[in-house]
Each structure stands twice: as C-alpha cells, then as structure tokens.
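Listed below are the residues making up each chain.
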Amino acid sequence: MRSWLVGGALIAHGDGLLLVGNRRRDRSLDWSPPGGVIDDGETIHQGLAREVLEETGLVVRDFARCAYRVEVAAPGLGWLLQVEAWEVEVEGTISLDDPDGIVEHCRAVSAEEARVLLADGPLWITVPVSAWLDRVSIGADRRDRGVAVDDPVDDPPLFRFRLHGTDRRSTRAEYLP
C-alpha cells in the first residue's frame, strides 16, 4: 500500500482563513488551505514552510500548534494518506508562483465563505477544516467574554476517513468518527 504525508497550513484571517484555489486535471477548481506533500528527507515543518511559500508567496514565521490530523485509507486504490494541519503565522505579501501549476487563486475568506468554498471538496478537507473554524469561532467568542479557553496543544483531534471503490472518479468517502 502506498502511503504519503501531507502538510496543511491553517493561516487565520479574522474569523476565517487563507484558502488556495487548486485547478485539477479535469479542469475543476477546488479550495483548500495551502499545503502539500512532504518530500522525502523533509520534516513536516520544512515541507509545509516550502509548500506555503510556493503556493502563496508567504513565509512561515512560526508553527503555533498542530491543529488536527487526518487519515484517509483507500484500500481499493492501494493508498493511505496522512495529513497534519498546523496553525502557522506568516509574513510577506501574497504572490502566486506554484511550481506545480496547480494553485490559481489565494484568498483570505471569512469562516462562512470558507465553508461555501470547501463544500464541494473532499470530506477529509471539509470536515476537519469546518471543525477547526468552529473551535476558532467558539474560542474567540469565549475570549471576548473573558472566559478561559481550553485549547489542547498536545493531543490534536484525529479525523479518519475510508474511501470505498476502486476507481478514483466513483469512490465514496466515509467519515469514521
């Protein structure tokens, strides 16, 4: 079974975050946080910093915390995808220069707009990002009211998914709570 690690960058913006628009081989456009495959020999931080720079032009200044992890098993397709999504702080100016030619857009969006843009994407992006947006929103509301926010750092949530099927175009994703 083929396995690989992907890093995702959660770059907060107001009540939302920064998303990139990815042009796929079938010419469709989907949205996600910036990130990508961690190359052999790279740490998650090195690879994620490289991906953020390539996809947005922004330089990662700090890795705040691992916000969540994702595992997607696709036994019929023979692969396992693992994702670590990190809250990061960045500096610089947005500029698109993706060497892979996939990223066509980069936008800071509200939480509401993020949910709309992500709605047609894969469950393994939509579910954890939506949960993160909920936690950020609830945490900000509680902080605004002076309530302590319990924000786990050492144990990020794990979101598990299974793809059913043997053809990428007709697989069905199942969220395994």
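Structure's up top.
Residues numbered from 1 in each chain as written. Predicted model: local features only at pLDDT ≥ 70, side-chain atom pairs only at ≥ 80, totals over all residues. Heavy atoms only, no water.

**Notes on the nonpolar core**
Here is step 1: Ranked by size, the top nonpolar core spans 25 residues in total, and within it Tyr-68, Val-70 and Val-72 carry the most contacts.
Here is step 2: Of all elements in the fold, only β1 (2–10), β3 (16–23), β6 (59–74), β7 (79–91), α2 (111–118), α3 (123–144) and β9 (158–164) reach the threshold of two or more residues within this core.
Here is step 3: Among the elements that take part in this core, β6 stands out by supplying five residues, more than any other.
Here is step 4: Excluding anything up to four places from it in sequence, Tyr-68 contacts Leu-10, Val-83, Glu-84, Ala-85, Pro-128, Val-129, Trp-132, Arg-135, Pro-156, Pro-157 and Phe-159. (Core = buried A, V, L, I, M, F, W, Y, C linked by side-chain atoms within 4.5 Å. Buried < 20%, exposed > 50% of the residue type's maximum accessible area, 1.4 Å probe, protein only. Helix = DSSP H or I, 4+ residues; strand = E, 2+ residues; numbered from the N terminus. Contact = heavy atoms within 4.5 Å.)

**Here we look at the sheet that holds β9**
Here is step 1: The mixed open sheet is built from six strands, whose spatial order is β5-β1-β7-β6-β9-β10. Both edges of this open sheet fall to β5 (35–37) and β10 (172–176), since each of them pairs with a single strand only. Averaged over neighbouring strand pairs, the angle between their axes works out to 25 degrees when direction is ignored.
Here is step 2: Against the sheet, helix α1 (residues 44–56) makes contact with β1, β5, β6 and β7, and its axis sits at roughly 60 degrees relative to β1, the strand it touches most. (Pairing = 2+ DSSP bridges. Axes fitted to C-alpha atoms, helices over the stretch in contact; angles between N-to-C directions.)

**Observations regarding the layout of surface pockets**
Here is step 1: In this structure, the largest pocket encloses a volume near 1700 Å³.
Here is step 2: Of all the secondary structure elements, the ones that give two or more residues to the lining of the largest pocket are β1, β3, β4 (29–32), β5, α1, β6, β7 and α3.
Here is step 3: Here the lining of the largest pocket takes five residues from β1, the largest share from any one element.
Here is step 4: Split by residue class, the lining of the largest pocket holds 24 nonpolar, nine polar and 13 charged. (1 Å grid on protein atoms, 1.4 Å probe; cavity = no way out; pocket = protein on both sides within 12 Å on 5 of 7 lines; lining within 4 Å. Points joined across faces, edges and corners; volume = space filled by probe spheres on them. Nonpolar A, V, L, I, M, F, W, Y, C, P; charged D, E, K, R; others polar.)

**Description of α1**
Each turn of an α-helix holds 3.6 residues, which means side chains three or four residues apart point in the same direction.
Here is step 1: A rise of 1.5 Å per residue sets the reference length of α1, with its 13 residues, at 18 Å; its end C-alpha atoms lie 18 Å apart and thus fit the reference within 8%.
Here is step 2: Looking only at α1, the buried set comprises Ile-44, Gly-47, Leu-48, Glu-51, Val-52, Glu-54, Glu-55 and Thr-56. Each buried residue of α1 lies within a common arc of 170 degrees when the element is viewed along its axis, so the set occupies one face.
Here is step 3: Just beyond α1, the residue with positive phi is Gly-57, at close to 80 degrees. (Expected span 1.5 Å × (residues − 1). Arc of directions from axis to C-beta.)

**A short note on the pattern of salt bridges**
Here is step 1: Taken as a whole and judged by the stated rule, the model has 13 salt bridges.
Here is step 2: For Arg-50, the salt bridge goes to Asp-39, with nearest N and O atoms at 3.4 Å. Placement of the pair is Arg-50 in helix α1 and Asp-39 in the loop between β5 and α1, with a sequence separation of eleven residues.
Here is step 3: Here Arg-50 ties to Glu-54 by a salt bridge, and the two come within 3.4 Å at their closest N and O atoms. With Arg-50 and Glu-54 both in helix α1 and four residues apart, the pair spans about one turn of that helix.
Here is step 4: Each of Asp-39, Glu-42, Arg-50, Glu-51 and Glu-54 takes part in a single network of salt bridges with overlapping partners. (Salt bridge = Lys/Arg side-chain N within 4 Å of Asp/Glu carboxyl O.)

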